[in-house]
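Survey of secondary and tertiary structure
These are the residues of each chain, in order.
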Amino acid sequence: MEKLTDKQKELLKNCRYYNGKKECPYDVYPNDWFWDMERVYVTSDGVAGGEASYYYRVGGKSYPGIPNNLVTVMFTSWGKTAFDIKSTISKFYALIEEYLEIASDHYEKDKLPSEGAKD
């Protein structure tokens, strides 16, 4: 387990994939990417500089089940490989839907994991 601050432990409660350990348990995309994005979100204390303002300028969506700063971390990483962000943002939305769907047997899609896991 990585040494986490109290703030990072609180942020960890909103993760679906990252569990605070140093090694990623996933060896398949996109789960490994989801794990890494949550790791970045937690280890940066939930502060996401990146492309937050651009994301919202191009009409970026908010997701009730994902902290906004985590969406920004994901968008910033994804945007580095996108040729034309504006015309392909639907691919990012699909990736986010996959992020929510894969873990939906454990967490409600429209709630933060800290609001309770499924029974």
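These remarks concern the structure in this document. (Residues numbered from 1 in each chain as written. Predicted model: local features only at pLDDT ≥ 70, side-chain atom pairs only at ≥ 80, totals over all residues. Heavy atoms only, no water.)

**Considerations on helix α5 (residues 85-102)**
If you check α5, its first and last C-alpha atoms are 24 Å apart, about what 18 residues at 1.5 Å a residue would give, namely 26 Å. For α5, the complete set of buried residues consists of Ile85, Thr88, Ile89, Phe92, Tyr93, Leu95, Ile96, Tyr99 and Leu100. (Helix = DSSP H or I, 4+ residues; strand = E, 2+ residues; numbered from the N terminus. Expected span 1.5 Å × (residues − 1). Buried < 20%, exposed > 50% of the residue type's maximum accessible area, 1.4 Å probe, protein only.)

**So, the packing of aromatic side chains**
For the structure on display, the rule yields 14 aromatic pairs. Measuring from centroid to centroid gives 5.1 Å for Tyr17 and Phe34, while their planes differ by 45°, and the two rings are tilted. Of the two residues, Tyr17 sits in the loop between α1 (6-12) and α2 (31-43) while Phe34 sits in helix α2, which places them 17 residues apart along the sequence. For the residue pair Tyr17 and Phe34, the accessibility class agrees, reading buried in each case. Ring geometry for Tyr18 against Trp35: centres 5.3 Å apart, planes inclined by 75°, an arrangement best described as edge-to-face. Placement of the pair is Tyr18 in the loop between α1 and α2 and Trp35 in helix α2, with a sequence separation of 17 residues. We note Lys61 situated over the ring of Tyr93; from NZ or CZ to the ring centre the distance is 4.4 Å. (Phe/Tyr/Trp six-rings, centres within 6.5 Å; stacked < 30°, edge-to-face > 60°. Lys NZ or Arg CZ within 6 Å of the ring centre and 35° of its normal.)

**Re the pattern of salt bridges**
Evaluation of the coordinates by the stated rule reveals three salt bridges. A salt bridge links Arg39 to Asp36; its shortest N-O distance comes to 2.7 Å. Pair noted here: Arg39 and Asp36 are both in helix α2, with a separation of three residues, about one helical turn. Among the salt bridges present, the one from Lys109 reaches Glu101, with a minimum N-O distance of 2.3 Å. Residue class for Lys109 comes out partly exposed when judged on its relative accessible area of 34%. (Salt bridge = Lys/Arg side-chain N within 4 Å of Asp/Glu carboxyl O.)

**Thoughts on the side chain of Asn14**
Structurally, the position occupied by Asn14 is in the loop between α1 and α2. Dropping the residues within four chain positions of it, Asn14 is found in contact with Pro67, Leu112, Pro113 and Ser114. (Contact = heavy atoms within 4.5 Å.)

**Overview of the side chain of Arg16**
As for its position among the elements, Arg16 is in the loop between α1 and α2. Although Arg16 is buried, it makes no salt bridge; Glu38 carries the closest opposite charge, 5.7 Å away. Apart from the residues within four sequence positions on either side, Arg16 is in contact with Glu38, Gly65, Ile66, Tyr99, Leu100, Ala103, Tyr107, Glu108, Lys109, Lys111 and Pro113. (Lys, Arg positive; Asp, Glu negative; His and termini not counted.)

**A short note on the packing of helix α4 (residues 68-79) against α5**
In contact at an axis separation of 11 Å, α4 and α5 are set at 130° when each is read in the N-to-C sense. Taken as axis vectors, α4 and α5 run oblique relative to one another. The two elements α4 and α5 cross, and the hand of that crossing is right-handed. Contact with α4, carried on its side by Leu70, Val71, Met74, Phe75, Trp78 and Gly79, involves Ile85, Thr88, Ile89, Lys91, Phe92, Leu95, Ile96 and Tyr99 of α5 and no other residues of that element. Its residues assigned to classes, the contact of α4 with α5 shows eleven nonpolar, two polar and one charged. (Axes fitted to C-alpha atoms, helices over the stretch in contact; angles between N-to-C directions. Parallel < 35°, antiparallel > 145°, perpendicular 65-115°, else oblique. Left-handed = near helix turned anticlockwise from the far one by under 90°. Nonpolar A, V, L, I, M, F, W, Y, C, P; charged D, E, K, R; others polar.)

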